[in-house]
Amino acid sequence: MRLTRINKQILLSFLLTLFLGVSINAQKKSFTIVIDAGHGGKDSGARGVVEDEKHIVLDVSLRLGKMIEKEFKDVQVVYTRKTDVFLELWERTQIANHHHANLFVSIHCNSATNRSAYGTETFVMGLSRSNETMDVAKRENSVILLEDNQEKYQKFDPNDPEAVIAFEIMFSAFKDQSLDYARLVEEEFVKNGRSSRGVKQSNFHVLRTNGSPAVLVELGFISNQDEGNFLGSELGKRKATESLFEAFKKFKKEYDRKNGITGEEEVKPKEVEKPVAGKTFKIQILVSKNKYGPSAKQLNGLTGVEVVQFGDVFKYYYGNTNLASERDDLLAYAIRKGFKDAFVAEFINNEKLEGNQNYRIQFLASNKKYRDRDNKFGGLKNVLRVKQGNMHLYFYGSTKTYEQAQKDLKLAQDKGFKSAIIVTFDGEKLIDESAKK
Ligand SMILES: [Zn+2]
């Protein structure tokens, strides 16, 4: 739509008022970040191979906000949405403007019909101005700051060249900061082993109408099998959040330096969380009489779930950590993914099973009877065969500790037995819970 002269005038004077408001706000020792999870509600965004965009970006947004709130007491975190709801683009920018955001971060995922496309990219608002024009505008900045009566810039006249320059400065100032954060984000992605497509300029509505430094981050292509799997996983979301957070820390430090704020961060040495000694935490998400495969819908998209068979029940464990903070994050994530009764299961390291009990890896079930070292076993040796009804179950390994069982499981999975599970045995017999009663 073409803006009429009068509309343009109203819009520009409105934005200029915001600009002055923001510069006053910047004097205070407070900082507001607005985190915008793209899409939501009826708008799913890009379709992912594992999970759709609106869910991934909401998850990353909530994590990022939580990390910032935890580490920066002087930062106010505002979310455009905290749940799966639909918002218009103008509502998002209105939230940023209303809160006089010092940084606006809109989080998205890419997708492409070419499924081989992958990598991260961060956008800032693109202006079709030459560098020369921008330099002129910057030089004129000093003139405006020296002006006694700044009132005149609030009444914006697009025909007044001086006012036009003031307006351009407003965007160039934001643009420099936007570029700073965008570059930091892409640098952090690369440090985390991601492939960066770089910082780009584009005319996104969500960036264009915003009176703050603003970036739009594309976390990766969820249409790509590898990147879609990665961003659909807990690890992928955590890594993506860490990149955004590390970039924010650097951006904020620079902001504080420019504004003469000395941070606590430099005074106190950084605390590194110590692992909990002798324990491993997992999240038990489900107990069932049924065995579900790694991509079963009952796992609600959680990846890397370990299945352990005890007698006739299957227990499903998610995650693996010895850090208390990570344990809490994993639990919160499992609950968000719909496992309302999930809880933390503690494993004592090197704890041995009692008596003759041991863990084995069930990697194959077939109505055929295979010889020892059959090609079917993919090189797994010392395979135990157990006949159950007219089926033959094949087991690899035998160990009394859960840690070794996990290693055996990993080995079997690496050999291509993706649905392998851990099973508890008594000697060479499957534990039959029902027989004990
Ligand atoms: Zn998007």
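Residues numbered from 1 in each chain as written. Predicted model: local features only at pLDDT ≥ 70, side-chain atom pairs only at ≥ 80, totals over all residues. Heavy atoms only, no water.

1. A few points about the overall build of the chain
Piece 1. Tallying secondary structure elements over the chain gives 11 helices and 15 strands in all.
Piece 2. Among the 437 residues that make up the chain, the fraction classed as buried is 46%.
Piece 3. In the chain, 77% of the contacts between residues at least 6 apart in sequence involve partners at least 24 apart.
Piece 4. Here the chain displays about 23,100 Å² of accessible surface, and carbon together with sulfur accounts for 50% of that area. (Helix = DSSP H or I, 4+ residues; strand = E, 2+ residues; numbered from the N terminus. Buried < 20%, exposed > 50% of the residue type's maximum accessible area, 1.4 Å probe, protein only. Contact = heavy atoms within 4.5 Å. Areas by Shrake-Rupley, 256 points an atom, 1.4 Å probe, with all protein chains shown as cover.)

2. A word on the pattern of salt bridges
Opposite charge on two side chains lets them pair, provided their charged atoms get close.
Piece 1. This structure, assessed with the given rule, holds 26 salt bridges.
Piece 2. Note that Glu51 and Lys237 form a salt bridge whose closest N and O atoms lie 2.7 Å from each other. Taken together, the residues span a long stretch of sequence, with Glu51 in the loop between strand S1 (31-37) and helix H2 (53-71) and Lys237 in helix H8 (residues 234-258) at a distance of 186 residues. Of the two residues examined, Glu51 and Lys237, each falls in the buried class.
Piece 3. Of the charged contacts, one joins Lys337 and Glu51 as a salt bridge, the two residues approaching to 2.7 Å between their closest N and O atoms. A residue pair is termed long-range when its members are at least 10 positions apart, and Lys337 in the loop between helix H9 (324-336) and strand S10 (343-348) and Glu51 in the loop between S1 and H2 qualify at 286 residues. (Salt bridge = Lys/Arg side-chain N within 4 Å of Asp/Glu carboxyl O.)

3. Brief notes about the side chain of Arg360
Piece 1. The residue Arg360 is located in strand S11 (residues 357-366) in this model.
Piece 2. Although Arg360 is buried, it forms no salt bridge, and the closest oppositely charged side chain is Glu428 at an N-O distance of 4.4 Å.
Piece 3. Separated by 2.9 Å, the side chains of Arg360 and Asn358 make a polar contact.
Piece 4. Once residues within four sequence positions are removed from consideration, Arg360 is found in contact with Leu384, Phe395, Tyr396, Gly397, Ser398, Ile421, Ile422, Val423, Phe425, Gly427 and Glu428. (Lys, Arg positive; Asp, Glu negative; His and termini not counted. Polar contact = N/O pair within 3.5 Å; in protein donor to acceptor, adjacent residues only side chain to side chain.)

4. Overview of the coordination of the zinc ion
Piece 1. Note on the zinc ion: its protein donors are His39 (NE2), Glu53 (OE) and His108 (ND1). The metal-donor distances range over 2.0 to 2.1 Å.
Piece 2. Along the chain, the residues that donate to the zinc ion are spaced as H-x13-E-x54-H. One end of the pair, His39, is in the loop between S1 and H2; the other, His108, is in strand S3 (residues 103-110), and 69 residues separate them in sequence.
Piece 3. Its relative accessible area of 12% is what places His108 among the buried residues. (Donors = N, O, S within 2.8 Å, 3.2 Å for Na, K, Ca; no water.)

5. Some words on the nonpolar core
Piece 1. Counting 39 residues, the largest nonpolar core has Ile33, Ile68, Ile107, Tyr181, Leu219, Leu244 and Phe248 as its most contacted members.
Piece 2. Setting aside its immediate chain neighbours within four residues, Leu219 contacts Ile56, Val60, Ile107, His108, Cys109, Thr120, Phe189, Arg194, Leu231, Ala240 and Leu244.
Piece 3. Counting 23 residues, the second-largest nonpolar core is a separate cluster that includes Ile285, Phe395, Ile421 and Phe425. (Core = buried A, V, L, I, M, F, W, Y, C linked by side-chain atoms within 4.5 Å.)

6. Quick look at the pairing of strand S2 (residues 75-79)
Piece 1. Buried residues dominate S2, accounting for four of its five residues.
Piece 2. Sheet topology note: the S1/S2 ladder contains five bridges and is parallel. The residue bridging Ile35 from the neighbouring strand is Tyr79, located in S2.
Piece 3. The β-α-β motif built from S1, the intervening H2 and the parallel element S2 has right-handed crossover chirality. (Pairing = 2+ DSSP bridges. Right-handed = clockwise from strand over helix to strand, strands pointing away.)

7. Notes on the side chain of Thr32
Piece 1. With respect to the element layout, Thr32 can be found in strand S1.
Piece 2. Thr32 sits in the buried class, given a relative accessible area of 5%.
Piece 3. A polar contact of 3.1 Å, which involves the side chain of Thr32, links it to the side chain of Gln76.
Piece 4. Not counting residues within four places of it along the chain, the set of residues in contact with Thr32 comprises Gln76, Val78, His99, His100, Ala101, Asn102 and Leu103.

8. A word on unusual backbone geometry
Piece 1. The phi angle at Asn300 is positive, at roughly 50 degrees, despite the residue not being glycine.
Piece 2. Relative to the assigned elements, Asn300 resides in the loop between strand S7 (279-288) and strand S8 (306-310).
Piece 3. According to the relative accessible area criterion, Asn300 is partly exposed, its value standing at 32%.
Piece 4. The phi dihedral of Arg373 falls on the positive side, at around 60 degrees, and the residue is not glycine.
Piece 5. In this structure, Arg373 sits in the loop between S11 and strand S12 (384-388).
Piece 6. A residue is classified by how much of its surface remains accessible, and Arg373, at 58% relative accessible area, is exposed.

9. Quick word on the packing of helix H7 (residues 225-232) against H8
Piece 1. Direction vectors running N to C along H7 and H8 enclose 85 degrees, while the axes themselves pass 4 Å from each other. Judged on the interaxial angle alone, H8 and H7 are roughly perpendicular. Residue-level contacts link Phe230, Leu231 and Gly232 of H7 to Glu234, Leu235, Gly236, Lys237, Lys239 and Ala240 of H8.
Piece 2. For the contact of H7 with H8, the residue count by class is four nonpolar, two polar and three charged. (Axes fitted to C-alpha atoms, helices over the stretch in contact; angles between N-to-C directions. Parallel < 35°, antiparallel > 145°, perpendicular 65-115°, else oblique. Nonpolar A, V, L, I, M, F, W, Y, C, P; charged D, E, K, R; others polar.)

10. Structural notes on the environment of Gly40
Piece 1. Tracing the backbone shows Gly40 in the loop between S1 and H2.
Piece 2. Along the chain, Gly40 and Thr83 lie 43 residues apart, while their C-alpha atoms are 7.9 Å from each other.
Piece 3. Discounting chain neighbours no more than four positions away, the residues touching Gly40 are Lys54, Arg81, Asp84, Val85 and Phe86.

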